[in-house]
Amino acid sequence: MDRQRREAKPVSGEWAVEAIGLVKTFGENRAVDGVNLHVRTGSIYGVLGPNGAGKTTTIQMLATLLKPDAGSAQIFGHDVGKEPQIVRQLIGVTGQYASVDESLSATENLVIFSRLLGLSRGGAKKKAAELLEEFGLTDAAKRPLKNFSGGMRRRLDLAASLIAQPPLIFLDEPTTGLDPRTRAQMWETIRRLVKTGSTVLLTTQYLDEADQLADRVAVIDRGHVVAEGTVDELKMSVGTASLQLRVADAAETEHARRKVEQVLQVRAAVSAEAGKITAPMSDPDRVADLLIALREEGIHLSEMSMQKPTLDEVFLTITGDAPIDHPSAQHAASHQLKGANV
């Protein structure tokens, strides 16, 4: 038997993905320029970046759809260049079902995919029904795909990619074009996948999606990983949290500001909005000292809050580009990945 077609060894080890120095060039465009990624087994790893940053090209190399020009990558210890057939047994990629039969119904398409993956006729029908219910497509189960909306089609694409629930799932912008309710349902599905044993590598243009789902995040810009860490680490990297106070009596605002600066040993600012004071807060434990000091001064507060930097601010600071919470309705990755045998 060909070595490339031998059975993949059981999934084990700390890393689901290890990529070192990945490079991909198209003509004079260095789309991916030395990307390093380490995705821990059993986690959700988010990849953020503006359009054209190299996110999808990186995924395509990891999924054996493109050959790296330089660097190396392993999926559960299997080299993507030397063992592509084994790697393809271990991964699933959203968008691979973009070339389904438009004249067939959602149920018929899912049954076909299930049968191709080795399920019995009865098992295929059961699996199709379960997936259609989970993704809110039961009412459209018998409708031809040519009559599906973009959001419905997106849900079916993901449902099809999860039939076998492989150990590693690449989700390339999985919620683009979905309404808020369906998007929230998809988030729960992604969390369920990890709880039941899968690892997820997620590319997204929704900052709140990465904030909600990802255990760690890599920010890619112009082909480079420009930042990597937990969401909280990335937020703290661009500045400390801020303390915001509003005094009950606006006439005491200046007195309160001086007391904030004295106790916290920072510079505080008063906004144009009457009675609101903002100060950087690197040590939340000092808040109790401040509250005691304000009470001793007879200064009463009507409002107090602590605010961390947002992921939007992180993205803007790191890449210099505007936040990307509103992607184009077109999902180029689904077209680029269609027909892939993974």
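So, here is what we can say about the structure in this document.

The rules behind these values
Residues numbered from 1 in each chain as written. Predicted model: local features only at pLDDT ≥ 70, side-chain atom pairs only at ≥ 80, totals over all residues. Heavy atoms only, no water. Helix = DSSP H or I, 4+ residues; strand = E, 2+ residues; numbered from the N terminus. Contact = heavy atoms within 4.5 Å. Buried < 20%, exposed > 50% of the residue type's maximum accessible area, 1.4 Å probe, protein only. Arc of directions from axis to C-beta. Pairing = 2+ DSSP bridges. Axes fitted to C-alpha atoms, helices over the stretch in contact; angles between N-to-C directions. Salt bridge = Lys/Arg side-chain N within 4 Å of Asp/Glu carboxyl O.

Description of the side chain of Ser242
1) Next: Assignment of secondary structure puts Ser242 in strand S11 (residues 241–247).
2) Next: When sequence neighbours within four positions are dropped, the list of residues in contact with Ser242 reads Thr278, Ala279, Pro280, Met281, Ser305, Met306 and Gln307.

As for helix H10 (residues 286–296)
1) Next: Listing the buried residues of H10 in full gives Val287, Leu290, Ala293 and Leu294. Each buried residue of H10 sits inside an arc of 125 degrees when the element is viewed along its axis, so together they form one side. The exposed set on the far side of H10, more than 90 degrees from its buried face, consists of Arg295 and Glu296.
2) Next: Structurally, H10 contributes buried residues whose contacts are with S11, helix H9 (253–264), strand S13 (276–281) and strand S14 (301–307).
3) Next: Note on H10: the residue one or two positions beyond its end, Gly298, has a positive phi of about 75 degrees.

What about the environment of Ser114?
1) Next: Along the chain, Ser114 turns up in helix H3 (residues 106–116).
2) Next: Looking at Ser114, the relative accessible area reads 1%, which means it is buried.
3) Next: Taking the C-alpha atoms as reference points, Ser114 and Ala128, 14 residues apart in sequence, are found 7.8 Å from one another.

Looking at the sheet that holds strand S10 (residues 224–229)
1) Next: Taken in spatial order, the 6 strands of this open sheet run S6-S7-S8-S3-S9-S10, and their pairing is mixed. The open sheet has two free edges, formed respectively by strand S6 (91–93) and S10, since each of these has just one partner strand. Going from strand to strand, the sheet's axes swing by 15 degrees on average, the running direction of each strand aside.
2) Next: Across 5 bridges, strand S9 (residues 216–221) lies against S10 in antiparallel orientation. Pairing of Ala218 across the sheet is with Glu228, part of S10.
3) Next: Together, strand S3 (44–48), strand S7 (168–172), strand S8 (199–204) and S9 form the strand contacts of helix H1 (residues 55–62), whose direction differs from that of S8 by roughly 150 degrees.

Points about the pattern of salt bridges
1) Next: In this structure the tally under the stated criterion is 20 salt bridges.
2) Next: A salt bridge links Glu14 to Arg40; the shortest N-O distance between them is 2.2 Å. A residue pair is termed long-range when its members are at least 10 positions apart, and Glu14 in the segment before strand S1 (15–26) and Arg40 in strand S2 (residues 29–40) qualify at 26 residues.
3) Next: By relative accessible area, Arg40 is classed as partly exposed at 41%.
4) Next: Glu209 is the partner of Arg183 in a salt bridge, and the nearest nitrogen-oxygen pair spans 3.8 Å. With Arg183 in helix H6 (residues 180–195) and Glu209 in helix H7 (residues 207–213), the pair connects residues that are 26 residues apart, well separated along the chain. Across this residue pair, the class does not change: Arg183 and Glu209 are buried.

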